[in-house]
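A closer look at the structure
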Amino acid sequence: MKNPAAGGQTLSESTYQALSSMILQRELPGGKVIEERPLSEILDVSRTPLRIALSRLHGEGMLERLSNGLYMVPSPTIDEYLDLLQLRRLLEGEACAGAAGRMDPAVLADLRARIEAMASREEADLPVYFALDEDLHMAIARASGNVALEQTIATVRRRVRMCNVNRYPGRFRENCREHLEILQAIADGDAVAARNALNHHLTRVWDGFVDNLARR
């Protein structure tokens with residue numbers, strides 16, 4: 001892999017982005033102990049920006065610090081996944097209420113069109129589906145106008161993506177319908193309905209995951 005710096009980013013920032021992507025794509029899987037030398041060679045960066053990026057990822061909970069000082073990619077458990085879903089309800093419900101009546105109409109229209117197109121499919125294109133899900137929820141977080149809340153939601157969502165669980169219980173059309181209901185409440189400027197729609201959606205995600213787990 002070539003030096004990750006691009007687009008005017010600092011080297012530590014681009015290294016952080018590259019490492020974050022490697023963790024989320026499980027190129028660095030749960031339980032993997034980070035070895036600085038080979039990783040710096042893969043990323044074509046020196047130890048300094050690498051260590052800055054590792055420290056930042058540790059602060060965000062995407063890496064654990066071992067007793068010997070090395071970092072390890074964590075392996076969140078099912079219980080942790082459910083805890084994170086509960087945290088998402090608290091955070092994203094508040095963000096959704098704040099986004100009511102404030103989302104850019106062009107962003108809202110784009111999301112609605114993409115969701116409707118996804119709902120018309122016979123089955124989900126999973127990479128596209130998950131990218132759309134991320135775009136929707138982060139657009140809501142940004143529209144809340146609370147930068148700290150947006151950043152916290154992004155961190156929690158990354159932690160969810162690190163969980164080695166089946167996040168797709170076969171209800172993508174229901175998810176699409178719930179996403180459209182959330183967008184409608186936001187477009188209507190109804191903060192209470194927006195919060196309730198988001199919380200209902202995440203409750204259904206919780207229920208779907210638990211039901212899917214029970215059938216194993």
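In this report, we go over the structure that sits alongside the text. Just so it is clear, the structure is predicted and the values come from calculations on it, not from any experiment. (Residues numbered from 1 in each chain as written. Predicted model: local features only at pLDDT ≥ 70, side-chain atom pairs only at ≥ 80, totals over all residues. Heavy atoms only, no water.)

This next bit is on the packing of aromatic side chains. To describe a pair of aromatic rings, you give the distance between the ring centres and the angle between the ring planes. Within the structure shown, the criterion is met by 3 aromatic pairs. Each ring, one from Y129 and one from F172, has its centre 6.4 Å from the other, and the planes form 85°; the classification is edge-to-face. Of this pair, Y129 sits in helix α6 (residues 126–143) while F172 is found in helix α8 (residues 172–188), placing the two residues 43 residues apart along the sequence. Look at Y129 and you get buried, because its relative accessible area is 5%. Residue F172 is classed as buried on the basis of its relative accessible area, which comes to 5%. Taken together, Y129, F130 and F172 form an aromatic cluster joined through their ring pairs. Lying over the aromatic face of Y16, R56 brings its terminal NZ or CZ to 3.6 Å of the ring centre. (Phe/Tyr/Trp six-rings, centres within 6.5 Å; stacked < 30°, edge-to-face > 60°. Helix = DSSP H or I, 4+ residues; strand = E, 2+ residues; numbered from the N terminus. Buried < 20%, exposed > 50% of the residue type's maximum accessible area, 1.4 Å probe, protein only. Lys NZ or Arg CZ within 6 Å of the ring centre and 35° of its normal.)

We now examine the nonpolar core. Ranked by internal contacts, the top residues of the largest apolar core, which has 25 residues, are M103, I140 and I186. Contributions of two or more residues to this core are made by α4 (78–99), α5 (105–119), α6, α8 and α9 (191–214). Contact partners of I140, with chain neighbours within four places excluded, come to A95, C96, A99, M103, I182 and I186. I23, L39, V45 and Y71 belong to the second largest nonpolar core, which has 20 residues in total. (Core = buried A, V, L, I, M, F, W, Y, C linked by side-chain atoms within 4.5 Å. Contact = heavy atoms within 4.5 Å.)

Another aspect to go through is α5. For α5, with 15 residues, the first-to-last C-alpha span of 21 Å sits near the 21 Å given by 1.5 Å per residue. All buried positions along α5 are accounted for by L108, L111, I115 and M118. End-on, the buried residues of α5 take up no more than an arc of 95°, which puts them together on one face. Exposed and facing more than 90 degrees away from the buried side of α5 are P105 and A106. (Expected span 1.5 Å × (residues − 1). Arc of directions from axis to C-beta.)

Between helix α2 (residues 36–43) and helix α3 (residues 47–59), whose axes approach to 10 Å, the crossing angle comes to 105°. Our classification of the angle between α2 and α3 gives roughly perpendicular. For the pair formed by α2 and α3, the contact residues are E36, R37, L39, S40 and L43 on the first element and R47, L50, R51 and L54 on the second. (Axes fitted to C-alpha atoms, helices over the stretch in contact; angles between N-to-C directions. Parallel < 35°, antiparallel > 145°, perpendicular 65-115°, else oblique.)

Let us look at the pattern of salt bridges. For the structure shown, the criterion picks out 14 salt bridges. For the salt bridge of R47 with E36, the shortest nitrogen-to-oxygen distance reads 3.5 Å. Note that R47 is positioned in helix α3 and E36 in helix α2, a separation of 11 residues in sequence. A single network of salt bridges, built from pairs that share partners, joins R88, E92, D133, E134 and R157. (Salt bridge = Lys/Arg side-chain N within 4 Å of Asp/Glu carboxyl O.)

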